[in-house]
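# Secondary and tertiary structure notes
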Amino acid sequence: MCFHSGWVLRAAVLASLHGGVAQAQDVIRIGHVAATSGAIAHLGKDNENGARMAVDELNARGVLIGAKRYRIEMLAEDDAGDPKQGTVVAQKLVDAKVRGVIGHETSGTTIPASKIYFDAGIPQISPSASNPKYTRQGFNTAFRNVANDEQLGAALARYAVQTGNARQIAVIDDRTAYGKGLADEFIKNVKTAGQGARVVTQQYTTDKATDFSAILTVIKAAKPDLIFFGGMDAVAGPMLRQMKQLGLPVRFMGGDGMCSDSLARLAGEGMADGQVICAEAGGVDAQQQKGMDDFRAAYRRRYGIDVMTYAPYAYDAMHAMVAAMQQAGSPDPAVYLPALAKVRHKGVTGVLAFDARGDVKDGRLTLFTFKSGKRQRLQVIQ
């Protein structure tokens, strides 16, 4: 009896181990990294939710690569929007032998992490990092499926000067790779826009600041008709509140970092209808709108909240990475990387393809304003 029981136990253990090995061979691990803690956790979680929706859909229908079926396992990590933590997380994913990475979320974490992925030969698609430097380091593993800050800064400057008739412009940036990069591009394009537009003062803050009274007092004395902010919604919201308190009800403009549905909540009564203009580094035309609307509806059904900003881009990035594996017939990064560079994936954000640098081809921008606390689209720019 004891001998038989021991034999059965040993057989069960061996079978379990054998099954575990077989299962491990059938799993493709893909990392996702965003700031899911800290001031911009709501934006990071939005990215993660979009990528997870893609993984669940892929697994539900089955992932066939070559003649073999796989299950996608997403390893979700939090870099808290901190560059040092971003590199730690990147190395953790490399050590876990992920086959690709969707992320990071911010430019400040994406850029340093990209060197680690490049050295390991692991493809990376950021669905939200917009600093041009990311894809200009010569890393063939680095891709993004949103427009970059050169496009954002140019579009916002043109709109401010030509449509908004701004002439006296104050600029604030939060000194992050994203905020500084966007502000620099905006300033450069204001200087070439003509029509008498000029930057009357340039001020600085941080991505963790809460008191803006000193810089806003300086700005008020410069009498601008527009304030441009390079930074995130977690800072932009309180800044708008303090602008109202100081009697500075001028127009307020910024990029995708503050262009979320959360801005109205964070600004409260500090934001008047039509006061804010912002640009999202993406967008769809009228023919593609139904696909985007369907995605947003599915997202709301699943999570009980609306899309913040880049969930659809994280969703498409995950699908495109797996599509490249399928086209190459292998999940091996060395094998599917060339296929990813040439991929053309029809997603909810349009047709996703990359140029020689890894930037998205035909990147679009969408300009928004806010009325009655709701974000409203103004126009899509290509």
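Since we're looking at a predicted model, the values are computed, not measured.

Secondary structure assignment for the chain yields 12 helices and 15 strands. A compact globule built from 382 residues would reach a C-alpha radius of gyration of about 21 Å, and the chain, at 23 Å, matches this within 12%. Across its three principal axes, the chain shows a C-alpha extent of roughly 90 × 45 × 40 Å. Relative to its full complement of 382 residues, the chain shows a buried share of 54%. Considering only contacts within the chain whose residues lie at least 6 apart along the sequence, 68% involve residues at least 24 apart. On the chain, roughly 16,300 Å² of surface is accessible, and the fraction owed to carbon and sulfur atoms is 53%.

Moving on: empty space enclosed by the protein. Evaluation of the coordinates by the stated rule reveals 1 cavity of 30 Å³ or more. There is about 150 Å³ of room inside the largest cavity. Along the walls of the largest cavity sit 15 residues, with Glu-105, Ser-128, Met-232, Gly-257 and Tyr-310 positioned nearest its centre. In terms of residue count, helix α2 (residues 41-61) provides more of the lining of the largest cavity than any other element does, 3 residues in total.

Take helix α11 (residues 311-328) next. The terminal C-alpha atoms of α11, which comprises 18 residues, lie 26 Å apart, in line with the 26 Å expected from a rise of 1.5 Å per residue. The buried count for α11 comes to 15 of 18 residues, which makes it a mostly enclosed element. Residue Gly-329 follows α11 closely and has a positive phi angle near 75°.

The next thing to look at is helix α5 (residues 149-163). In this model, α5 (15 residues) spans 20 Å end to end at C-alpha, consistent with the 21 Å of a helix rising 1.5 Å per residue. Against the buried residues of α5 lie α6 (177-193), β9 (226-230), β10 (251-254), β11 (276-280), β14 (365-371) and β15 (374-381). Residue Asn-148 occupies the N-cap position of α5, its side-chain oxygen lying 3.0 Å from the main-chain nitrogen of Glu-150. Where α5 ends, the next residue or the one after it, Asn-165, has phi of about 55°, a positive value.

For the rest of this paragraph, the subject is the state of the cysteines. In this structure the tally under the stated criterion is 1 disulfide. Shown here is the disulfide that connects Cys-259 with Cys-278, its sulfur atoms set 2.2 Å apart. For the disulfide bridge between Cys-259 and Cys-278, the dihedral angle about the S-S bond is near 60°, and by the sign convention the bridge is right-handed. Residue Cys-259 is found in the loop between β10 and α9 (263-267), and its partner Cys-278 is found in strand β11; the two are separated by 19 residues along the sequence.

Reading the values: the criteria
Residues numbered from 1 in each chain as written. Predicted model: local features only at pLDDT ≥ 70, side-chain atom pairs only at ≥ 80, totals over all residues. Heavy atoms only, no water. Helix = DSSP H or I, 4+ residues; strand = E, 2+ residues; numbered from the N terminus. Rg over C-alpha atoms; globule rule 2.2 N^0.38 Å. Buried < 20%, exposed > 50% of the residue type's maximum accessible area, 1.4 Å probe, protein only. Contact = heavy atoms within 4.5 Å. Areas by Shrake-Rupley, 256 points an atom, 1.4 Å probe, with all protein chains shown as cover. 1 Å grid on protein atoms, 1.4 Å probe; cavity = no way out; pocket = protein on both sides within 12 Å on 5 of 7 lines; lining within 4 Å. Points joined across faces, edges and corners; volume = space filled by probe spheres on them. Expected span 1.5 Å × (residues − 1). Polar contact = N/O pair within 3.5 Å; in protein donor to acceptor, adjacent residues only side chain to side chain. Disulfide = S-S within 2.5 Å.

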